[in-house]
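# Structural overview
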Amino acid sequence: MQILQTKQLKKYYCESPNVTRAVDDVVHVLALEDKLKSMPNNLSGGQQQRVAIARALVTKPAILLADEPTGNLDSKSSADVLGLLKLTGEKFNQTIVMITHNNDIALLADRIIHIEDGRVDPDTGEIIKAYIFVGVMTYSQYAYVEACMDMKQKSWINAHIHMYEYFGGVARILVPENCKTAVVHNGGFKGQQINETYQEMAEHYGTAIIPARVRPPKDKPNAEGTVGNISTWITAALRNEQFFSPAELNRAIRDKLELFNQRLFQKKEGSRRSLFLGEEKPLLAPLPAARFELSDWKTATVQFNYHISVDGMLYSVPYEYIKKKVDVKVTDTTIEIFYNHNRIASHRRLKGRTGQYSTVTEHMPEDHQKYLEWNGGRFRKWAERIGINTYTAVNAILTSKGVEQQTYRSCMGLLKLAEKYSDALLEAACKKALSYTASPSYKSIKNILVTGSDKLASKTTDTKATQKARGITRGADYYRR
C-alpha cells in the first residue's frame, strides 16, 4: 500500500470537511510530498517515522503520545524526528507527551517528569531521597522516627526538637552519631569538639552531649538495634507507597511508629510505650517554656544611619556603634545584635518585601528623634503653605523611595533651607529645579539656593514690585494654589 493510500484511509476514517487541507498541511510540514507514492518498505527508518507522525497528526489531536519516537534510529534521523515533533507541536498548537529513556532527549522538553519504580514527584517528577532520623530512649527502647529531606544542620536540629516534644521531656545525656552536624572533631573523651549550634541546642534543653566513639557501636546498642527494627516495621512496610510531601510521609511514619512502640515485647511484659510511660518518662527533665530556635550567626557593619542590613531588612542599633562591626544572631522570629559578646539590640524579625525598617527610638541621636513628630501628611501641608512648587518638590521626594520614612531626612533638610533662606527663595528654587526634572532631590534644590540665591532674590523682589505696581493684578501662580 502506498503512503498516499494510507493517508486517504485516514481521511475516509476521519470524515471531516477540513481533512484534505489538514493532510496537505501535515505532508508539507513533514516534507513527504515526494514520498506519497512510495511503498513503506522503500523508505528509510527516519522516513517511516515521519509517516507514523503524519498518521497521528492528520486529525490534529490536542495531545500526541510518542513512545520512544527515536527508537532504532541513527543520530541524524533521531534529530530529524525530534525536530519535526517540536515543529508540528508549535505549528498545530499541540501538547506532545513523549516517553524516553534518553536524558538528552528529555532535556528538549518544556517539563520533565521522572518515573522510577512507579513513583513520581507531583511538582517536578523528581524522585526525592529521604533520610531517616531515629532517636531511642535507653531503658524502654521507646523510639522516635522522622523523615528528613537532607542531612543538613537545620534538619538535624529540628528532628531533635520534634523528638523531645514527642517524648514529652529531655534525657540528661544525649549520645549522637559522629556526623558533622553533631561533632566537629572526636578525638576520644578528652578531645571532642561539639558543633556550636548543636551545643547551643543542648544548653537550651539542659542536656549533656557525649558523642559515641568513632567506629565502636557499643556506645549506643539500643539505637543500633532499633534502626534494624525500624527498617523492618516502618521502612519496609512503606516501601511500595507513594508520598508527595514530607508531611505526608511523616504522617504515615507516625502511624507505623505508634504501632511499633505499642507492640508487646516477646520476652518480657508490656511494650516500649508502657515501659517508657511507667518508669522512664517520670525521670525526664521537663521541656523548656520556649522551643529552641535554630539560629544563624552573621557579621554586619553599622551604617551611618545607625542600622544594619540583614537579608534585605534594616534594624537599628544605638547610634554610638556607627561604623562598628557587630555579630548578629538570626532566628526565624528574632534578630539579636551583639558587640564584644554583649547584646546591644534586639528586634522582631521582619518578613515580606525587602527594605523595611525596624527602628527603636532610643537608638536615634536626639536631633533625629524630632523626625518622629513628622510624617508625609505634615510635610505636604507645610510645603503647601509655602507654594505649589515646594509642594510638588516635597511630594516627589516623599514618593521617590520604596519606604516613605527614608525620605523624611531630605524633607527635614528642605524645612531647614526655608528657615535659612526664606520661604520665597525656597519656592523659587523648587520652581527652577522642577524646570529641569519632575523629581528634584534635596541636593539639587540646595545647590540652586547656594549658587544662585542672589539671582533668585532679585527675581523674587522684581516679581513682588511688579505685582504691587499693578495693584489688584494677580499672577498665574495665584490660581495654582
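For the structure itself, look to the data block above.
Below, the structure is looked at part by part. (Residues numbered from 1 in each chain as written. Predicted model: local features only at pLDDT ≥ 70, side-chain atom pairs only at ≥ 80, totals over all residues. Heavy atoms only, no water.)

The contact between helix α14 (residues 408–421) and helix α15 (residues 423–436) brings their axes to 7 Å, and the two run at 125 degrees. For the element pair α14 / α15, the angle class is oblique. Contact with α14, carried on its side by L414, L417, A418 and Y421, involves D423, L425 and L426 of α15 and no other residues of that element. Tallied by class, the residues present in the contact of α14 with α15 amount to six nonpolar, no polar and one charged. (Axes fitted to C-alpha atoms, helices over the stretch in contact; angles between N-to-C directions. Helix = DSSP H or I, 4+ residues; strand = E, 2+ residues; numbered from the N terminus. Parallel < 35°, antiparallel > 145°, perpendicular 65-115°, else oblique. Contact = heavy atoms within 4.5 Å. Nonpolar A, V, L, I, M, F, W, Y, C, P; charged D, E, K, R; others polar.)

In this section: the sheet that holds strand β11 (residues 296–301). Judged by pairing direction, the sheet is antiparallel, and its four strands sit side by side in the order β11-β14-β15-β16 without closing on themselves. With partners counted over all chains shown, the strands left at the sheet margins are β11 and β16 (342–348), one partner each. Across the sheet, the mean angle separating the axes of adjacent strands is 25 degrees when strand polarity is ignored. Across six bridges, strand β15 (residues 334–339) lies against β16 in antiparallel orientation. By the bridge assignment for β16, Y339 is matched with N342. (Pairing = 2+ DSSP bridges.)

Read across the sheet, three strands follow the order β12-β13-β17 without closing on themselves; strand pairing throughout is mixed. Bordering the open sheet on either side are β12 (307–310) and β17 (357–358), each of which pairs with just one other strand. Of the strand pairs in this sheet, strand β13 (residues 313–316) and β17 are connected by two bridges, and their pairing is parallel. For Y315, the partnering residue across the bridge sits in β17 and is S358.

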